[in-house]
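# Remarks on the overall topology
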Amino acid sequence: DAKTTQPPSMDCAEGRAANLPCNHSTISGNEYVYWYRQIHSQGPQYIIHGLKNNETNEMASLIITEDRKSSTLILPHATLRDTAVYYCIVRLGYSTLTFGKGTMLLVSP
Amino acid sequence: SAVISQKPSRDICQRGTSLTIQCQVDSQVTMMFWYRQQPGQSLTLIATANQGSEATYESGFVIDKFPISRPNLTFSTLTVSNMSPEDSSIYLCSVARGPNTGELFFGEGSRLTVL
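Below you will find a few notes about this structure. Per chain, the residues get numbers from 1 upward, laid out in the order the sequence is written. The order in which chains are written sets their letters, starting at A; the order in which ligands are written sets their numbers, starting at 1. Reporting of local features is limited, given that this is a predicted model, to residues whose pLDDT is at least 70; pairs of side-chain atoms are given and counted only at 80 or more, and all residues count toward the totals for whole chains, interfaces and linings. Water and hydrogen atoms play no part in the side-chain values, which are based on all heavy atoms of the structure.

## Notes on the overall build of chain A
Secondary structure elements follow DSSP: runs of H or I of four or more residues count as helices, runs of E of two or more count as strands, with numbering from the N terminus. When helices and strands are tallied, chain A shows zero helices and nine strands. In chain A, the order of α-helices and β-strands from amino to carboxyl end is β-β-β-β-β-β-β-β-β. The C-alpha radius of gyration of chain A comes to 13 Å, within 12% of the 13 Å expected for a compact globule of 109 residues. Based on the C-alpha atoms only, the size of chain A along its principal axes is roughly 40 × 30 × 25 Å. Working definition: with a 1.4 Å probe on protein chains only, accessible area under 20% of the residue-type maximum means buried, over 50% means exposed, and in between means partly exposed. Burial analysis of chain A (109 residues in total) assigns 42% to the buried set. Every residue pair with non-hydrogen atoms within 4.5 Å of one another is taken to be in contact. Restricting to contacts in chain A with at least 6 residues of sequence separation, those with at least 24 account for 56%. Here the Shrake-Rupley method, with its probe set to 1.4 Å, supplies the accessible areas, and only the displayed protein chains count as covering residues. With the model as given, the accessible surface of chain A reaches about 5,700 Å², and the carbon-plus-sulfur share is 52%. His residues and chain termini do not enter the charge count, which takes Lys and Arg as positive and Asp and Glu as negative. The atoms used to mark charge sites are NZ of Lys, CZ of Arg, CG of Asp and CD of Glu. A gap of 4 Å separates the mean positions of the 9 positive and 9 negative side-chain charges of chain A. Radius of gyration here is computed from C-alpha atoms only, and the compact-globule reference equals 2.2 Å multiplied by the residue count raised to the power 0.38.

## Brief notes about the packing of aromatic side chains
In this description, a pair of aromatic rings is defined by centroid distance and the angle of the planes. Pairing of aromatic side chains requires ring centres within 6.5 Å, counting the rings of Phe and Tyr and the six-membered ring of Trp. Pairs whose planes differ by under 30 degrees are stacked, by over 60 edge-to-face, and all others tilted. Evaluation of the coordinates by the stated rule reveals 11 aromatic pairs over all chains. Measuring from ring centre to ring centre gives 5.2 Å for Tyr87 of chain A and Phe99 of chain A, while their planes differ by 90°; the resulting arrangement is edge-to-face. With a gap of 12 residues between them, Tyr87 of chain A in strand E8 (residues 84-92) and Phe99 of chain A in the loop between E8 and strand E9 (103-108) connect regions that are remote in the sequence. Here Tyr87 of chain A falls in the buried class, since its relative accessible area comes to 3%. We classify Phe99 of chain A as buried; its relative accessible area is 7%. Aromatic side chains Phe61 of chain B and Phe66 of chain B sit 5.6 Å apart centroid to centroid with 65° between the ring planes, which places their arrangement in the edge-to-face category. The residues Phe61 of chain B and Phe66 of chain B share a single accessibility class, namely buried. Chaining the aromatic ring pairs together yields one cluster made of Tyr32, Tyr34, Tyr36, Tyr46, Tyr87 and Phe99 of chain A together with Tyr35 and Phe106 of chain B.

## Thoughts on the interface of chain B and chain A
Contact with chain B, which involves 18 residues of that partner, is made by 18 residues of chain A. Joining two parts hides part of their accessible area as seen by a 1.4 Å probe, and the buried area is that hidden amount summed over both. Counting the surface lost from both chain B and chain A, the interface buries some 1,400 Å², and carbon and sulfur atoms represent 48% of this. Should a side-chain nitrogen of Lys or Arg be within 4 Å of a carboxyl oxygen of Asp or Glu, the pair is scored as a salt bridge. Summed over the shared surface of chain B and chain A, the result is zero salt bridges. We call two N or O atoms a polar contact when they sit within 3.5 Å, provided that within protein one can donate a hydrogen and the other can accept it, with sequence-adjacent residues counted only if both atoms are side-chain atoms. Our count for the chain B to chain A interface comes out at five residue pairs in polar contact (both at pLDDT 80 or more). Elements that contribute at least two residues to the side of chain B that touches chain A include exactly strand E4 (31-37), strand E5 (43-50) and strand E10 (104-106) of chain B. Only Asp, Glu, Lys and Arg are considered charged, only Ala, Val, Leu, Ile, Met, Phe, Trp, Tyr, Cys and Pro nonpolar, and every remaining residue, Gly among them, polar. A per-class count over the side of chain B that touches chain A returns eight nonpolar, seven polar and three charged.

In C-alpha cells form, the structure reads like this:
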C-alpha cells in the first residue's frame, strides 16, 4: 500500500472549517483513500473514503486532487468534539488497513 | 453499524501471566481484526481472524504469543501470553462493515498494564 504523509498537528477554531491535508504521491490507480479519526480513549471511527471523485457524507467531505497524489479532509464546521487524531490511509482492494501517525487536530473555542 | 463489546475494558496484570480479551459483536461478521496500540503510538494490526480457519498474523506477531479463537461469527478472543511490561497496550477488536473491508467498526479497546 502507498505511504501517506500528514502534518503531526493542526489547530482550528470552533465553527470554522478544518482542512486536513494528506500526501500520497505513490498511490496507484486502484488504491482508495480512507479517513478515520480517533477521539481520546476511544476506538477509531470511520469517516469517509474515495477513489477519484470528491465525496461527501454527513461527517465530512473528501477532496482528492486530479492526479490523486494528495487529498484533503474537510470538516465544514468544526466543534470541540472533533478534537481527535485523524488518520489518512491508502488501501488497495481487500488489503488490511495500515494506520500511520495521523494528524492531531485541536479545536479550540 | 455494528456494536462491539470488549472485555475487560482494562486490567493490571503481573509479568509472566496471560490474559484473554473477549470481543462480542451484535451481528454476524466474516472478518474480525485485532489491533494493538502502544502508549502514544498508532495502531498496529496483530492478526485477522476468520471463522472456521486459523488466524492470519502480521509480521512480528506469532500465534504462541497471541493465540486467537474465532468460534462463531459474532465472537473472538485474543490471548496475550507470558506477558511482559512491553505488552502494556490498548488492544482493539474491529470488524468489517461488509465485503469492502476498508470500512471498519472498532470496539472501545482493552487497556492492559503489565507490572
